[in-house]
Amino acid sequence: MGFGKGLLLLGLACALGNRDLGCRIGLSYNKTIKDCTDINECSENPPACGSHSRCINTIGSYYCQCLHGFIQSSKNVNFTQGQGQCKDFNECTDSENKEELCGPNGVCNNIIGSYWCNCSNGYTNYSAERTPCSKLDCDNFRAEKKPTQLLGGLANIMSMMRNSCLALSGTGSKVKLDGDALLEKLFTETDAMLSPGTQNIDESVSGLLTAVEKSILFIGPQLKDNHTKMENNKIDAQIAVQRGTTRPTGDIRLSSEYAYLDTDWTTAAGTGKYPGFAVAALLSYKNLESSVNRSFEMVKGAKENGADPSYQVFSKVVSVVVSNPSTQKLSRSVNITFRHLEDIEESTNVSYICAYWTETGAWSTDGCSKQDSNASRTICTCNHLSSFAVLMALHPIEHTYGLELVTKIGLTISLLCLTLCILTFKFCRSIQGTRTTIHLHLCICLFIADLIFLAGISQTKPVGGCRFVAAMLHFFFLAVFTWMLLEGVQLYRMVVLVFNATMRPLYLYAVGYGTPLFIVVISACVRPNGYGTKKYCWLSTDDGFVWSFFGPVCLVIFVNVFFFIITVWKLAQKFTSLNPDLSNLHKIKAFTVTAVAQMCILGLMWVSGVFLFQEDPPVAVSYIFTIFNSLQGALVFIMHCLLSKQVREEYANFLSCICTSQKKRYSDLSTTNPSSSQSQGSKSGQQTGESQI
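Given the structure is predicted, the values throughout are model-derived calculations rather than measurements. (Residues numbered from 1 in each chain as written. Predicted model: local features only at pLDDT ≥ 70, side-chain atom pairs only at ≥ 80, totals over all residues. Heavy atoms only, no water.)

Student: Which parts of the structure should I look at to understand the overall build of the protein?
Tutor: What the protein contains, in helices and strands, is 16 helices and 23 strands. Looking at the 693 residues of the protein, the share that counts as buried comes to 45%. Sequence-distant contacts, at least 24 apart, represent 64% of the contacts inside the protein between residues at least 6 apart. A total accessible area of about 36500 Å² is found for the protein, and carbon and sulfur atoms account for 58% of it. (Helix = DSSP H or I, 4+ residues; strand = E, 2+ residues; numbered from the N terminus. Buried < 20%, exposed > 50% of the residue type's maximum accessible area, 1.4 Å probe, protein only. Contact = heavy atoms within 4.5 Å. Areas by Shrake-Rupley, 256 points an atom, 1.4 Å probe, with all protein chains shown as cover.)

So, in structure tokens, the structure goes:
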């Protein structure tokens, strides 16, 4: 009895001290936390799942999964140790798509856990398992004569790649280089080729870029690792490779010191037949920017105010390479972030442009646009792949504020002076005649031309309005020169045809307005798009259209010079005659001097105008044209009004009448009696009014 009681007490103590009996299967009692914890069956030795499998632990249990290329005997995806082991899966005989595993030019050979494609000659699996046979076009590496002559190293690259391609396809040497060794040799040849200095011929650079891109596409599938980085003194490469029987998905982000690529595997693999791998590479050339700092003729979209900027390559040249054969029009654009060569903020005269290097050896912006930019980097978005760089556009600094200020002040003064000229020539009776009629209409045309110039020369939108402004300026400035020609003809007639110097106004109007109208109508019919440019509402310089104005102007100047020479010669003869009419001769001499001065002012203005309306005119020319154009009305007023004795007398008489009338009114008001102020004031007002009339 005593022994039984002791045994009972001992069993009770054991039960209280070890509670494993209370934990369910797969758990064990932890004395530290005094609770049941999971048993990790996957860490047991030997493994619970056996070979060719992986073990996944769960709370209180576990399950097994076969590795890729193996299958559980009962074909279960998840199983435990007692349910069977993993064995090799013969893809060559048991796969549903066994005919497509290696393609029509390969034979499937099963190996433990995988399969191998034995390819026909001309085809390869890139020495990789589970990779179908792809055709190798080794003629891609056939060196062309012209680039090879220009770059000796390029021939070495093309020859090396061609020999490797033939060896891989089974039609050449049996000695094969693995992908990493081939990539290293490519970099060595590229470094040696770029080391001597800058290549000065665009076609050579295009050949180099194309050869390296083709080589990367050939080498990429042969690389051992999924991500390879290689760098030397001339080039930096980041290469990513994905292999498998299904197309890869997900993002691709490759970066170097000079650029960052953001795309995805769907873009890299493409939508065509999947070859069992996809390649994406970012290549950064460290010293190639100086070799391609030219050929900007195809760059678009950087004009400001109609002016073309100057360009320079402002980043390292970067090539983006993917295995997708259709890279000319991607379904999803790729983003490339470039590091600038220097930190410079964008401004009114500096902007950044995304461009690519074409096969013809020139920069182009087609299919590329700038997404964002700051002082140190620019993000470009492109819907095709090539070699890219950021271009810095340097816009000419325009002195617009000073020119606008001078133009507005000068033209305002000119318009006021021309108004005084028009009133003078219209109402001064003592100077009426053919010459005054010519001056009147010359000033009217110049007034309208200056007014349109002030209000509309820079109003390039809408296009139709700009063309109308340009046509009006064409007409009225031509009319100014036509009336100036008539003045030369009139001076000639005054000296040569002394007794028949007058001309009928109808003839003057017909020539003065009809000739410029005829020229403008013909010009508009021949080329209506010639009126208006992107910068000014004036005549286009394309195809010489602007000479529909400068041609007649030059003709007028030459004819007037001829008339003035004849006039001066005849005047000299008359001054030396026995009985010269000195008063009349001095008058004609004064007329000639003012006419010559007027021709010089207008002529000099449009001589500078020839250069002003070209692209990127010199600043000095802009100011010369602006000053002459702004002050010509004031100069016409000085020469034809203030320097004329008759006009000055008319002004004096007019001012004296005003002053006398005001003085008389003041006198009448001051002598009026208070008692009769109302009647006297009324009387005085009537007298003053009669005097003014």
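Student: Is there a simple way to think about helix α5 (residues 179–194) in this case?
Tutor: Every α-helix carries 3.6 residues per turn, so stepping three or four residues along brings you back to the same face. Its 16 residues give α5 an end-to-end C-alpha distance of 23 Å, which sits within 8% of 22 Å, the value for a rise of 1.5 Å per residue. Regarding α5, the residues found buried are Gly179, Leu182, Leu183, Leu186, Phe187, Thr190, Asp191, Met193 and Leu194. The N-cap of α5, judged by a side-chain oxygen 3.2 Å from the amide nitrogen of Asp180 a few residues on, is Asp178. (Expected span 1.5 Å × (residues − 1). Polar contact = N/O pair within 3.5 Å; in protein donor to acceptor, adjacent residues only side chain to side chain.)

Student: Explanation requested: the pairing of strand β7 (residues 106–111) in the structure shown.
Tutor: Where a strand is regular, its side chains alternate between the two sheet faces. Both β7 and strand β8 (residues 114–119) contribute to a ladder of six bridges, which runs antiparallel. Across the sheet, residue Asn110 finds its bridge partner in β8, namely Tyr115. Counting the residues that bridge the hairpin from β7 to β8 gives two residues, and of these Gly113 lies at a positive phi of roughly 80 degrees. (Pairing = 2+ DSSP bridges.)

Student: It is not clear to me how the state of the cysteines should be interpreted in this structure. Could you clarify?
Tutor: Simply put, disulfide is the name for a covalent bond between the sulfur atoms of two cysteines. Here the structure, examined in full by the defined rule, presents 11 disulfides. The disulfide that involves Cys42 links it to Cys55, with 1.8 Å between the sulfurs. Between Cys42 and Cys55 the disulfide shows an S-S torsion of about -70 degrees. By sign, it is left-handed. One end of the pair, Cys42, is in the loop between β2 (35–38) and β3 (53–58); the other, Cys55, is in strand β3, with 13 residues separating them in the sequence. When its relative accessible area of 24% is taken as the criterion, Cys42 is described as partly exposed. Between the sulfur atoms of Cys368 and its disulfide partner Cys382 the distance amounts to 2.3 Å. In this structure the cystine formed by Cys368 and Cys382 twists about its S-S bond by roughly 120 degrees; its chirality is therefore right-handed. Placement of the pair is Cys368 in strand β21 (residues 368–373) and Cys382 in strand β22 (residues 377–382), with a sequence separation of 14 residues. Across the pair, Cys382 and Cys368 agree in class, each one buried. Note on Cys443: no disulfide assigned, nearest cysteine sulfur contributed by Cys421 at a separation of 4.4 Å. For Cys443, a relative accessible area of 1% gives the class buried. (Disulfide = S-S within 2.5 Å.)

Student: Got a minute to help me understand the nonpolar core in this structure?
Tutor: Within soluble globular proteins, side chains that are nonpolar tend to cluster in buried spots. Ranked by size, the top nonpolar core spans 52 residues in total, and within it Leu473, Phe477, Trp483, Trp538 and Phe549 carry the most contacts. Of all the secondary structure elements, the ones that give two or more residues to this core are α8 (400–427), α9 (434–456), α10 (463–496), α11 (505–526), α12 (547–575) and α14 (619–642). Considering each element in turn, this core owes the most residues, 15 residues, to α10. With near-sequence residues (within four places) excluded, Leu473 lies in contact with Ala449, Ile452, Phe453, Ile457, Cys537 and Trp538. Core analysis: the second largest hydrophobic core is formed by 51 residues, Leu136, Ile239, Ile353 and Trp363 among them. (Core = buried A, V, L, I, M, F, W, Y, C linked by side-chain atoms within 4.5 Å.)

Student: In this structure, what is going on with the sheet that holds β22? I would like to understand it.
Tutor: Sheets are built from strands that pair by backbone hydrogen bonding, the pairs being arranged parallel or antiparallel. Taken in spatial order, the five strands of this open sheet run β13-β14-β18-β22-β21, and their pairing is antiparallel. In this open sheet, the two edge strands, each paired with only one partner strand, are β13 (251–255) and β21. Strand-to-strand, the axes of this sheet are offset by a mean angle of 20 degrees, without reference to chain direction. Of the pairings in the sheet, the one linking strand β18 (residues 334–339) to β22 comprises six bridges and is antiparallel in character. Its bridge partner lying in β22, Ile336 is registered against Cys380. (Axes fitted to C-alpha atoms, helices over the stretch in contact; angles between N-to-C directions.)

Student: What's the story with the pattern of salt bridges in this structure? I'm lost.
Tutor: Pairing is possible between side chains of opposite charge, provided their charged atoms come close. Here the structure, examined in full by the defined rule, presents 13 salt bridges. Here Asp251 and Arg253 are joined by a salt bridge, their closest N and O atoms 3.3 Å apart. The residue Lys316 makes a salt bridge to Glu289 at a minimum N-O spacing of 3.1 Å. In this pair, Lys316 sits in the loop between β16 (310–313) and β17 (317–322) while Glu289 sits in the loop between β15 (277–285) and β16, placing the two residues 27 residues apart along the sequence. Owing to a relative accessible area of 15%, Glu289 belongs among the buried residues under this scheme. (Salt bridge = Lys/Arg side-chain N within 4 Å of Asp/Glu carboxyl O.)

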